[in-house]
Amino acid sequence: CAQEYSTIKGFVKGAGLKEVTLYKTVDGSPQVYATSRVGADGSYGFLLNPEPGFYSIGEERLNFPVYLKGGEEVNIDLLETRAGLNGKNTKENKALYLWADYAADIRLKSVFFERTLSNYEDFFPEFEAYVAGLDELKNRLKSGNKAFDALLAEYVNYAVIFLYTPRTKHPEKSMRPDYYRHIVSEDKFTDDGVLQFPDGVRMLSSYVSFAQEENDLKYGDAQYTENSLSYLPDNRLKGEYLISSVFRNFKSYGQYLSAMEQYGKYLVTPSLKERAEAVGTKLYDTKPGGRAADFTYPDTGGKMVSLSDFKGKVVLVDVWATWCGPCRQQIPYLKKLEEELHGEDIVFLGVSVDESKDKQKWLDFIEKEDLKGVQLLAGGWSKITKDYKINGIPRFMVFDKQGNIVSVDAPRPSSPELKRMLETELKK
């Protein structure tokens, strides 16, 4: 029926978008549902027959929630760093945007951190003010739709995602607001309701990461996964956490098989099983033993060095950059590994994807961090990243003494598996 169709329309003001994307929430994550080109006057629009639930609108790196039930009109303008209702709207979206407007600044700093620089010194006072006014705000979040109001209350309660803001400065635990001490509790995530929200899976992984940090456990520690699951009483949520935060880090088909044996019981929906199998298929297609694609880049002294120069030795390649936080986190583990394998037939080869114009910054970083091994500058996302299909860093690769591939997506130095892989190759 025509009356079941929903319209979403508005204007893009200062966001610089050429097209607006509408995302549907599927299993707690936003999936592209439709796109609308932005007109010369800044207008955009969607006409759809929706399944009731939360959607989000904007672009991948900055989007905003919308609630649809069918047959309504939503008018929403996209501004530079927030969205604003404008004109005719449903009571549900008016209630949703009471909260979205209230939370806009800390949501920007924590979820869409690329748009703003923040650390705990400015974030904590703002977060405390947010928490202080939350109870009063919750009393006003009433649309008249009881089912939606209960859902919105749950959405607001689950917004622990705001806790995770990339920090250029790291606070001691004692410096955190009091609220942080009461976040981890047994009555959270007892059912899979959080998966109705666009940020659901992100909320899940933020919560678990926070709980692990409280216990001083780090990713790669022996009991990390088991301990992570203990914070999630619901089996489907355990499955979603495994797929989004654990399975995607697997480097070998063997890892996948042992995880399926250990955790397969938590893959309780067809979607979870399908996504797990896709991980297995992708890993099974990798073919160690193939000839390495050679690359040649300048070292710190300007001498051109190639991967093929090191035939006869096992080579560990570390693709990294000075601006990459996860790369920097691996440095202490990499140094320890170099010490432990000192004197063996192995070369540690660092390849930075920093731009050529940042050569001095790269040289300074190597000196400051006292990086060992052979250090090369790739000058951006060049041949090595294209040949080895590298879309994210750090990426570690292992090549054998004959110059063949052992793994083009090896475990990180923080995992004991990498050392085992290298020792196996050194014995050959």
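Refer to the structure presented above.
Because the structure is a prediction, the values reported are computed rather than measured.

## Here we look at unusual backbone geometry
As a rule of thumb, non-glycine residues mostly have phi less than zero, and peptide bonds are mostly trans rather than cis.
Then comes step 1: Residue Pro394 is reached from Ile393 by a cis peptide bond, and omega for that bond is 5 degrees.
Then comes step 2: In this fold, Pro394 is placed in the loop between α12 (383–387) and β14 (395–399).
Then comes step 3: The backbone of Asp370 sits at a positive phi, close to 55 degrees, despite the residue not being glycine.
Then comes step 4: Position of Asp370 relative to the elements: it lies in the loop between α11 (359–369) and β13 (374–377).
Then comes step 5: Taking the relative accessible area as the measure of exposure, Asp370 reaches 42% and is therefore partly exposed.
Then comes step 6: For Lys389, which is not a glycine, the phi torsion comes out positive at approximately 50 degrees.
Then comes step 7: Summarising the element assignment, Lys389 is placed in the loop between α12 and β14.

## Quick word on the packing of aromatic side chains
Then comes step 1: Within this structure, the stated rule accounts for 24 aromatic pairs.
Then comes step 2: Pairing Phe54 with Tyr155 gives two aromatic rings, centres 5.1 Å apart and planes at 70 degrees, and the pair type is edge-to-face. Of this pair, Phe54 sits in strand β5 (residues 53–59) while Tyr155 sits in helix α4 (residues 146–157), placing them 101 residues apart in sequence. In terms of burial, Phe54 and Tyr155 fall into one category: buried.
Then comes step 3: Relative to Phe127, the ring of Phe123 lies with its centre 5.9 Å away and its plane at 20 degrees, an arrangement referred to as stacked. In this pair, Phe123 and Phe127 both sit in helix α2 (residues 120–132), 4 residues apart, roughly one turn of the helix.
Then comes step 4: Taking the relative accessible area as the measure of exposure, Phe127 reaches 3% and is therefore buried.
Then comes step 5: Among the aromatic side chains, those forming a connected cluster through ring pairs are Tyr102, Tyr120, Phe123, Phe124, Phe127, Tyr130, Tyr179, Tyr180 and Phe210.

## Structural notes on the state of the cysteines
Then comes step 1: Tallied over the full model, the rule gives 1 disulfide.
Then comes step 2: Put simply, Cys324 and Cys327 are joined by a disulfide, and their sulfur atoms are 2.3 Å apart. Because the sign of the S-S torsion sets the handedness, a value of about 85 degrees for the bond joining Cys324 and Cys327 places this disulfide among the right-handed ones. The pair Cys324 / Cys327 is uniform in exposure class, with both members buried.

About the thresholds
- Residues numbered from 1 in each chain as written.
- Predicted model: local features only at pLDDT ≥ 70, side-chain atom pairs only at ≥ 80, totals over all residues.
- Heavy atoms only, no water.
- Helix = DSSP H or I, 4+ residues; strand = E, 2+ residues; numbered from the N terminus.
- Buried < 20%, exposed > 50% of the residue type's maximum accessible area, 1.4 Å probe, protein only.
- Phe/Tyr/Trp six-rings, centres within 6.5 Å; stacked < 30°, edge-to-face > 60°.
- Disulfide = S-S within 2.5 Å.

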